[in-house]
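Examining the three-dimensional arrangement
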Amino acid sequence: MFKNWGEFTQTLSAGPLKDLRGATPEVMKNFSAMSQAALKTEALETKTKELIALAIGVAIRCDDCIGFHAKAAAQHGATREEIAETLGLAIYMGAGPSAMYASHALEAFDQFNKNK
């Protein structure tokens, strides 16, 4: 196992992100509202939006994004096949570095999905 993604996201939420929410409450409140609005089911359901967010996290090489969106994708019923296809698109768009981060995303999804 490369990284314990559950522990990683819990540590981020309880530590640095909690500190940031305390230091910038209005900014983080508005960020949360934007997140809720963006993820609301309309033309695309939330699962699809989480898959898109995961692909973007891979393409921009954001471990934190990978952790949170792999978890959310698992919670919204994404399958391993959907994750793999999403990661294929991220690799296509982001080339070699995205391939490396796609392996992180697959591991994160597998860890979160086994707990269901």
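**Overview of the overall build of the chain**
Broken down by element type, the chain carries six helices and zero strands. For the chain, the sequential pattern of α-helices and β-strands runs α-α-α-α-α-α. A compact globule built from 116 residues would reach a C-alpha radius of gyration of about 13 Å, and the chain, at 14 Å, matches this within 12%. Structurally, the chain occupies a C-alpha span of about 35 × 35 × 30 Å along its principal axes. The buried share of the chain, taken over its 116 residues, is 34%. Partitioning the intrachain contacts of the chain with sequence separation of at least 6 by distance along the chain shows that 71% fall at a separation of at least 24. Accessible area of the chain: about 7,000 Å², with a carbon and sulfur share of 61%.

**Let's talk about the state of the cysteines**
For the structure shown, the criterion picks out one disulfide. There is a disulfide in this structure between Cys-62 and Cys-65, and the S-S distance comes to 2.4 Å. Where Cys-62 bonds to Cys-65 through sulfur, the torsion about that S-S bond is close to 70°, and the disulfide is right-handed. Classification of Cys-62 as buried rests on a relative accessible area of 19%.

Rules used throughout
- Residues numbered from 1 in each chain as written.
- Predicted model: local features only at pLDDT ≥ 70, side-chain atom pairs only at ≥ 80, totals over all residues.
- Heavy atoms only, no water.
- Helix = DSSP H or I, 4+ residues; strand = E, 2+ residues; numbered from the N terminus.
- Rg over C-alpha atoms; globule rule 2.2 N^0.38 Å.
- Buried < 20%, exposed > 50% of the residue type's maximum accessible area, 1.4 Å probe, protein only.
- Contact = heavy atoms within 4.5 Å.
- Areas by Shrake-Rupley, 256 points an atom, 1.4 Å probe, with all protein chains shown as cover.
- Disulfide = S-S within 2.5 Å.

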